[in-house]
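Spelled out from the first residue to the last, the chains are:
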Amino acid sequence: MSCGIDHVQEAKLSAEELRSQINYHDYLYYVRDAPALSDAEYDELMRRLRAIEAHYPELITPDSPTQRVAGAPIEAFGVVQHREPLLSLANAFNFQQLQAWYRRATTMAGADHFDMVVEPKIDGLAVSLVYEDGRFVQGATRGDGYRGENITENVRTIRSVPMQLRGGLCPPQMEVRGEIYMPKPAFERLNNGRADRGEPLFANPRNAAAGSVRQLDPRVTASRKLDIWVYQLGWTEGGQAPATHWETLHWLRELGFRTNPEIRRFDDPGRIEHHYRQWVERRHGLEYEVDGMVVKIDQKHYWDELGFVGREPRWAIAYKFPPIQATTTLKKIEINVGRTGSLNPFAILEPVQVGGVVVKQATLHNEHDIRRKDIRERDTVIVQRAGDVIPQVVGPVVSRRTGKEKRYRLPKRCPACKTEAVRPEGEAMAYCPNVSCPAQIYRWTTHFTGVMDIEGLGEQWAGILLETGLIKDPVDIYFLTQEQLVELPRMGPVLAEKILKNIAASRERSLGTLLFALGIRHVGGEVAQVLAEHFRTLDAIAVAGAEEIREVEGIGPRIAESVCAYFRDPQKREIIEKLRRAGVRFQQPERKRREGPLSGQSFVFTGTLAAMPRSRGERLVQDLGAEAGGSVTRKTTYLVAGADPGSKLQKAQSHGTAVLDEDAFLRLLREHGVEV
Ligand code: IVH
């Protein structure tokens, strides 16, 4: 009897030994680009491992090299809550902007200079990779920065992503971040094959990579030849990480991650400029797409000190390459009514290729911009595209004028409902003030159903529902019935039921999503998330004054005013009440909280702390298990008041909430073992 067990034991050891060898050779081949075995020798190792696993299926581990392509189709991607949000980057488009960023950061940090790490900005798809005890356990897309899609099985198929980290030196838990991309040759091959089969082509390698990573069948992902550059350490738990980003990248490379060999370190923006100019010339010759350089301050202690604005860290910036341009004829200027009533002029162009894409229309921003650039109908114009951004008209080629060009005036009335347009003080944009303007409602409705992710209720059906009067605004969809829907031409009971089910499910979207869907002027998706994370409920936002909203990190006065005006408007209030009656959720779901000595307590911050940015204070108390952020309510345990506290202080006093000054706050942290 014991003989059988010995056999299993022996097989287990051999399998482990083979896995470790294969992992090492994968690393040499895919990460180091320096294979040490012939293909035949490598195949032999794999064959032996497969044979053992076929014999003893109980010995198969999820991180076994044999599992990289085996996975069965995924039903649907689960949602992953990022433990720390995946941030985005502010942009610099010229050297002045880079210098301005550098000056602001040095001043704010009280430093006379910084060392900076300069990396290629890879145009791919950001991912988070989580490791536990050195084993790969989870891969997720960036998503909205807070929540992404679980793509673990697909990430396993990317051979340069280590399944097992090398050496015993990694923290028990860690997350790294990087960019998944499709190498240009693989992209060409993929598209050639698709063209042969008459399938639609991918517009660029980035879309191809995104499409491949989100394949429900990991075998398809595996066939797509994706690769990764790892560029950032996310969070760690237990263990130590190096104090500089430069050392961190070297350490990550030691652990087996594929880091980009083009990364350099400089101590002066002038040198970065020189390096950047070389890249502008050579970037097309690389096997991956690069849309700029990322500049990061090397010393990580500055990261906490500098904090971030909105979702953009102050300690890093994307120095973008100049966009791709072309010239063509502007045939006509037309107006599009936006979801907030903005009258958006756009150009109808003679179709032209810009960076591999045919452009027929381009935005003109606003009348002021048209006037400033003196863009006329029938002008020859320069059109540009930068990344995914909507094509823009840069300006006219004045030397090509013939005299037939026509100056443009924005119509005095909304082209859709003929209401007289208004231009708010200090804004370049004209608006249609009629909240029942059909064009506005239509745009808002499609925006709403799109953002609330109501499948089946696309532009067409939204238009039909409005035209037939079944709904007067997007919120009315929550009151639609099966009987009403099946009356519509080409709407069968099955489709109607599906749409109603999707509408019902959208009631549970997060507050951030709902806020964005409301279409408040100047509140895009990111700002909406920031507000939702801070205030937690729609009612808290609705009663907050402009001053309180402005206190939220990353929210400027223009946004604060706009949010405040929105909730003061009686017609908008009606919309909110209708949403409430419809049973739509007004809360931001709680992020997974850690258990700790401060569990159950809730902290709110106001004013400026000398020892740290407020965001760090919030993070520290969260790490100790408390809730942080939001506004002062009866549930608030402490208000931490730094210098120049805002209106929250009065509110806390009127609620009888305990107020901690900075010293008391630091003492409290110290009591729990946190030295600042
Ligand atoms: S750092 C705060 N480094 O650019 C750190 N990002 O606009 C944020 N990206 O979502 C990311 N190459 O997808 C960083 N070397 C690099 C990058 C990089 C590409 C992407 C990434 C991110 C976006 C930010």
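First, a word on scope: everything that follows refers to the structure included in this document. (Residues numbered from 1 in each chain as written. Predicted model: local features only at pLDDT ≥ 70, side-chain atom pairs only at ≥ 80, totals over all residues. Heavy atoms only, no water.)

1. Considerations on the overall build of the protein
Thinking step 1. Broken down by element type, the protein carries 24 helices and 22 strands.
Thinking step 2. In terms of overall dimensions, the protein is globule-like: its C-alpha atoms have a radius of gyration of 28 Å, near the 26 Å expected for 676 residues.
Thinking step 3. Here the C-alpha coordinates of the protein stretch approximately 90 × 70 × 65 Å along the principal axes.
Thinking step 4. Sorting the 676 residues of the protein into buried and exposed places 50% on the buried side.
Thinking step 5. Once local pairs closer than 6 in sequence are excluded, the contacts in the protein between residues at least 24 apart make up 68%. (Helix = DSSP H or I, 4+ residues; strand = E, 2+ residues; numbered from the N terminus. Rg over C-alpha atoms; globule rule 2.2 N^0.38 Å. Buried < 20%, exposed > 50% of the residue type's maximum accessible area, 1.4 Å probe, protein only. Contact = heavy atoms within 4.5 Å.)

2. With respect to the environment of Thr327
Thinking step 1. By the element assignment, Thr327 lies in strand S14 (residues 324-337).
Thinking step 2. Sequence separation between Thr327 and Ala532 is 205 residues, and the spatial gap between their C-alpha atoms is 43 Å.
Thinking step 3. Beyond its immediate sequence surroundings of up to four residues, Thr327 is in contact with Val352, Thr380, Val381, Ile382 and Val397.

3. Considering helix H13 (residues 459-467)
Thinking step 1. Taken as a whole, H13 has its buried residues at Trp461, Ala462, Gly463, Leu465 and Leu466.
Thinking step 2. Residues of H13 that are buried make contact with helix H12 (438-451), helix H14 (482-486) and helix H15 (493-505).
Thinking step 3. Looking one or two places after H13, you find Gly469, whose phi comes out positive at around 80°.

4. Overview of the side chain of Asn260
Thinking step 1. On the secondary structure map, Asn260 appears in the loop between helix H8 (245-255) and strand S9 (264-266).
Thinking step 2. At 2.7 Å, the side chain of Asn260 forms a polar contact with the backbone nitrogen of Glu262.
Thinking step 3. When near neighbours in sequence (up to four residues on either side) are disregarded, Asn260 contacts Pro120, Ile122, Trp229 and Tyr288. (Polar contact = N/O pair within 3.5 Å; in protein donor to acceptor, adjacent residues only side chain to side chain.)

5. Regarding the environment of Pro183
Thinking step 1. Position of Pro183 among the secondary structure elements: in the loop between strand S7 (173-181) and helix H5 (184-196).
Thinking step 2. A residue is classified by how much of its surface remains accessible, and Pro183, at 10% relative accessible area, is buried.
Thinking step 3. On a C-alpha basis, the gap between Pro183 and Met108 in space is 40 Å, while along the polypeptide they are 75 residues apart.
Thinking step 4. Residues in contact with Pro183, not counting those within four places in the same chain, are Lys225, Asp227 and Glu287.

6. Topic: the site of the ligand
Thinking step 1. Near the ligand there are 15 residues, and of these Glu119, Ile122, Glu179, Tyr231 and Lys296 occur at the shortest range.
Thinking step 2. Glu119 places a polar side-chain atom, nitrogen or oxygen, 2.7 Å from a nitrogen atom of the ligand.
Thinking step 3. In this structure, Lys296 approaches the ligand through a side-chain N or O atom, which is 3.1 Å from a nitrogen atom.
Thinking step 4. Of all the secondary-structure elements, those providing two or more residues to the shell around the ligand are strand S3 (116-122) and strand S10 (290-297).
Thinking step 5. Considering every element that reaches the shell around the ligand, the biggest residue donor is S3, with 4 residues.
Thinking step 6. When grouped by side-chain class, the residues that make up the shell around the ligand number 9 nonpolar, 1 polar and 5 charged. (Near = heavy atom within 4 Å. Nonpolar A, V, L, I, M, F, W, Y, C, P; charged D, E, K, R; others polar.)

7. Looking at helix H6 (residues 205-213)
Each turn of an α-helix holds 3.6 residues, which means side chains three or four residues apart point in the same direction.
Thinking step 1. For H6, the set of buried residues is Pro205, Arg206, Ala208, Ala209, Ser212 and Val213. For H6, the angular spread of the buried residues around the axis is 160°, confining them to a single face.
Thinking step 2. For H6, the secondary structure elements touched by its buried residues are strand S4 (125-132), strand S5 (135-141), helix H4 (152-156), S7, H5 and helix H7 (218-222). (Arc of directions from axis to C-beta.)

8. Remarks on empty space enclosed by the protein
Thinking step 1. In total, this model carries 1 cavity of 30 Å³ or more according to the counting rule given.
Thinking step 2. The wall of the largest cavity is formed by Glu119, Pro120, Ile122, Trp229, Val230, Tyr231, Asn260 and Ile263.
Thinking step 3. Looking at the lining of the largest cavity, the elements with two or more residues in it are S3 and strand S8 (227-237).
Thinking step 4. When grouped by side-chain class, the residues that make up the lining of the largest cavity number 6 nonpolar, 1 polar and 1 charged. (1 Å grid on protein atoms, 1.4 Å probe; cavity = no way out; pocket = protein on both sides within 12 Å on 5 of 7 lines; lining within 4 Å. Points joined across faces, edges and corners; volume = space filled by probe spheres on them.)

9. Some thoughts on the pattern of salt bridges
Thinking step 1. A full pass over the atoms with the stated rule returns 35 salt bridges.
Thinking step 2. Across the pair Glu149 and Arg214 runs a salt bridge, and its minimum N-O distance is 2.6 Å. Of this pair, Glu149 sits in strand S6 (residues 147-149) while Arg214 sits in the loop between H6 and H7, and the two are 65 residues apart along the sequence.
Thinking step 3. Residue class for Glu149 comes out partly exposed when judged on its relative accessible area of 22%.
Thinking step 4. Classification of Arg214 as partly exposed rests on a relative accessible area of 42%.
Thinking step 5. Several salt bridges converge on common partners, so that one network encompasses Asp374, Arg376, Asp379, Arg401 and Arg407. (Salt bridge = Lys/Arg side-chain N within 4 Å of Asp/Glu carboxyl O.)

10. Here we look at the layout of surface pockets
Thinking step 1. Reported here for the second largest pocket is a volume of approximately 980 Å³.
Thinking step 2. Lining of the second largest pocket is provided by 30 residues; of these, Asp144, Arg147, Val451, Asp453 and Thr513 occupy positions nearest its centre.
Thinking step 3. Among the secondary structure elements, those contributing two or more residues to the lining of the second largest pocket are S4, S6, H12, H15, helix H16 (511-517) and helix H17 (525-535).
Thinking step 4. When the residues that make up the lining of the second largest pocket are grouped by side-chain class, the tally is 8 nonpolar, 10 polar and 12 charged.

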